[in-house]
Amino acid sequence: MRDITFFYDPISPYAHLAFERLPEALMGHSVAVRYKPVLFAALLKANGQLGPAEIPGKRAWTYRQVAWLGHHHGVRLELPAAHPFNPLALLRLGLATATDDAPGETNRYVTEQLFHHVWHGGLDATDPARLAALQDLLQDHMAQREKPWLAPDSEVVKQRLRANTDEALALGLFGVPAMVLDGRIFWGQDALPMLRACLEGDAWFTSGAWEAAAGTPQGVQRR
């Protein structure tokens, strides 16, 4: 059994695409996936970056590309009514379902509900009525599992999110989705074939090529 940690923020359409396509990429392998929500904006800030939706030209391209990728891969993806938005309420709702044995994780069902809330229906992801309905759904899920539910605005839940984000930064993550396997970081939904190749034991990963690529000298630095 191999372990993969899937770091995500439901604000990211690429994370949504990767989440939906991950089962296909892992097919045939014995893998345990740990889904960990993080605050994407904190990763951007720590690395001195803007998000793709914060750069005017890139914003338009991003929405066109993810819409096409959804069409191309047969993944339902409808842009929400407004984007970007503040995802804190969603992230905390997800981590309100985390259990003591995995305090920073959301199970696949919960993770799916967070993504579908944003990327299905073209609706407002921050609408209070919709968030309340999502909370009811997740609370019922926990009740059926006979697991405790923590208030999303509790300090315990807030600390879980901070801990996940700090863990991501310590690993060197700069964006989402990021999938970590055997200490290697695979960034973006387009890294799924590369992740699968690593699982399959592709010799490239033990040839030194992975390490050599990161050692390329920097020729110039913009200030």
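One can find the structure itself at the top, above this paragraph.
Notes on the structure in this doc start here. All values derive from a computational prediction rather than experimental measurement.

### Some details on the packing of helix H4 (residues 88-95) against helix H6 (residues 128-144)
Here is step 1: H6 packs onto H4 with a crossing angle of 10° between their chain directions and a minimal axis gap of 10 Å. Regarding the angle of H4 to H6, the classification is roughly parallel. Of the residues in H6, those touching H4 at Ala-89, Leu-90 and Leu-93 are Leu-131, Leu-134, Gln-135 and Leu-138.
Here is step 2: Split into classes, the residues belonging to the contact of H4 with H6 amount to six nonpolar, one polar and no charged.

### Re the nonpolar core
Here is step 1: In terms of nonpolar packing, the biggest core is built from 50 residues, with Ile-4, Phe-6, Leu-22, Met-179, Phe-186 and Leu-195 touching the most fellow members.
Here is step 2: Excluding residues that lie within four positions of it along the chain, Leu-195 makes contacts with Ile-4, Leu-22, Leu-26, Met-179, Leu-181 and Phe-186.
Here is step 3: Ranked by size, the runner-up nonpolar core spans six residues in total, among them Leu-91, Ala-96, Ala-98 and Leu-161.

### Details of the layout of surface pockets
Here is step 1: The calculated volume of the largest pocket comes to roughly 750 Å³.
Here is step 2: Around the largest pocket, the lining comprises 34 residues; the ones closest to its centre are Tyr-14, Phe-40, Gly-51, Pro-52 and Trp-187.
Here is step 3: Of all the secondary-structure elements, those providing two or more residues to the lining of the largest pocket are helix H1 (13-26), helix H2 (40-46) and helix H3 (56-73).
Here is step 4: When its residues are assigned to classes, the lining of the largest pocket shows 19 nonpolar, ten polar and five charged.
Here is step 5: Of the pockets and cavities examined, the second largest pocket occupies roughly 180 Å³.

### Observations concerning the pattern of salt bridges
Here is step 1: Within this structure, the stated rule accounts for seven salt bridges.
Here is step 2: Asp-182 is the salt-bridge partner of Arg-2, the closest N and O atoms lying 2.6 Å from each other. Taken together, the residues span a long stretch of sequence, with Arg-2 in strand E1 (residues 2-8) and Asp-182 in the loop between strand E3 (178-181) and strand E4 (184-187) at a distance of 180 residues.
Here is step 3: Take Arg-2: its relative accessible area is 27%, and that puts it in the partly exposed class.
Here is step 4: In this structure Asp-182 comes out as exposed when scored by relative accessible area, which is 52%.
Here is step 5: Where Glu-200 meets Arg-196, a salt bridge forms, and the shortest distance between an N and an O atom there is 3.0 Å.
Here is step 6: The exposure class assigned to Glu-200 is partly exposed, which follows from its relative accessible area of 48%.

### Some remarks on the packing of helix H5 (residues 108-119) against H6
Here is step 1: Look at H5 against H6: their axes get within 11 Å of each other, and the N-to-C directions meet at 170°. Between H5 and H6, the crossing angle belongs to the class labelled roughly antiparallel. Here Tyr-109, Val-110, Gln-113, Leu-114 and His-117 of H5 lie close against H6, whose contacting residues are Arg-130, Leu-131, Leu-134, Leu-137, Leu-138 and His-141.
Here is step 2: Its residues assigned to classes, the contact of H5 with H6 shows seven nonpolar, three polar and one charged.

### A look at the environment of Ala-32
Here is step 1: Checked against the element boundaries, Ala-32 lands in strand E2 (residues 31-37).
Here is step 2: Residue classification places Ala-32 among the partly exposed residues on the basis of a relative accessible area of 25%.
Here is step 3: Filtering out sequence-adjacent residues up to four positions away, Ala-32 remains in contact with Met-1, Arg-2, Asp-3 and Ile-4.

Thresholds, definitions, all that
- Residues numbered from 1 in each chain as written.
- Predicted model: local features only at pLDDT ≥ 70, side-chain atom pairs only at ≥ 80, totals over all residues.
- Heavy atoms only, no water.
- Axes fitted to C-alpha atoms, helices over the stretch in contact; angles between N-to-C directions.
- Helix = DSSP H or I, 4+ residues; strand = E, 2+ residues; numbered from the N terminus.
- Parallel < 35°, antiparallel > 145°, perpendicular 65-115°, else oblique.
- Contact = heavy atoms within 4.5 Å.
- Nonpolar A, V, L, I, M, F, W, Y, C, P; charged D, E, K, R; others polar.
- Core = buried A, V, L, I, M, F, W, Y, C linked by side-chain atoms within 4.5 Å.
- Buried < 20%, exposed > 50% of the residue type's maximum accessible area, 1.4 Å probe, protein only.
- 1 Å grid on protein atoms, 1.4 Å probe; cavity = no way out; pocket = protein on both sides within 12 Å on 5 of 7 lines; lining within 4 Å.
- Points joined across faces, edges and corners; volume = space filled by probe spheres on them.
- Salt bridge = Lys/Arg side-chain N within 4 Å of Asp/Glu carboxyl O.

Function cannot be read off these values alone, since they describe shape.
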